[in-house]
Each structure stands twice: as structure tokens, then as C-alpha cells.
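Structure at a glance
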Amino acid sequence: MYIIKVKGVAKIPDYVQLRDDKFTLLAYFRVDRPEKSLDKIGLADKYDYIMEVIKNLPFGKILKLEL
């Protein structure tokens, strides 16, 4: 799985994309509202780990996420 943090502009907030190994979009959510999206794709139990990764990830970088 891959994670990408996208910087928002003006009124558009920052977003996060979660993609699978074929780079298909699994989830797209605001940085400040991840709960519903993570629950929907079955990663609610990994919430703390994913949020820590997001907090430390620079904008525009792609990171391979090992779960």
C-alpha cells in the first residue's frame, strides 16, 4: 500500500491518498477527518499508526506503507 499527502491550496484542505500496489485509489480523505475512510477500507485498527505516518510525511512524497 502507498500513502501520499497532498497540500491544499487556499480554501482546499490538505488530503491523503491511500493506494494499493497497482496504484489503484483505495481512500482519499482530509487529513483532519480520516476516521470514516479508514473504517470503510478496514484500517480503523491501524488509525494511530497511519496518522503518525501522515504527520511525519512531507507533502507530495509517496511512501510505501507496510501494514
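Let me sum up the structure you'll find in this document. Note that this is a predicted model, so its numbers are computed, not measured.

About the cut-offs
Residues numbered from 1 in each chain as written. Predicted model: local features only at pLDDT ≥ 70, side-chain atom pairs only at ≥ 80, totals over all residues. Heavy atoms only, no water. Buried < 20%, exposed > 50% of the residue type's maximum accessible area, 1.4 Å probe, protein only. Helix = DSSP H or I, 4+ residues; strand = E, 2+ residues; numbered from the N terminus. Pairing = 2+ DSSP bridges. Arc of directions from axis to C-beta. Contact = heavy atoms within 4.5 Å. Axes fitted to C-alpha atoms, helices over the stretch in contact; angles between N-to-C directions.

A separate point is the pairing of strand β2 (residues 15–19). Most of β2 is tucked away: four of the five residues are buried. Pairing of strand β1 (residues 2–6) with β2, which is carried by five bridges, proceeds in the antiparallel orientation. Pairing of Tyr-2 across the sheet is with Arg-19, part of β2. Relative to strand β3 (residues 25–30), β2 runs antiparallel, the two sharing five bridges.

Residues of helix α2 (residues 47–56) that are buried include every one of Ile-50, Met-51, Val-53 and Ile-54, and no others. Seen end-on, α2 carries its buried residues on one side only, within an arc spanning 160°. In α2, those exposed residues whose orientation departs by more than 90 degrees from the buried face are Asp-48, Lys-55 and Asn-56. Its buried side turned inward, α2 meets β1, β2, β3, α1 (35–40) and β4 (62–64).

Across the sheet, four strands lie side by side as β3-β2-β1-β4; this open sheet has antiparallel pairing. The open sheet has two edge strands with one neighbour each: β3 and β4. With strand direction ignored, the average angle separating the axes of adjacent strands in the sheet is 20°. Bridge count for β1 against β4 is three bridges, and the pairing is antiparallel.

Positive phi is not limited to glycine here, since Ala-10 has a value of about 55°. Checked against the element boundaries, Ala-10 lands in the loop between β1 and β2. Assessed through its relative accessible area of 83%, Ala-10 is described here as exposed. Its identity as a non-glycine residue notwithstanding, Phe-23 has a phi of 70°, on the positive side.

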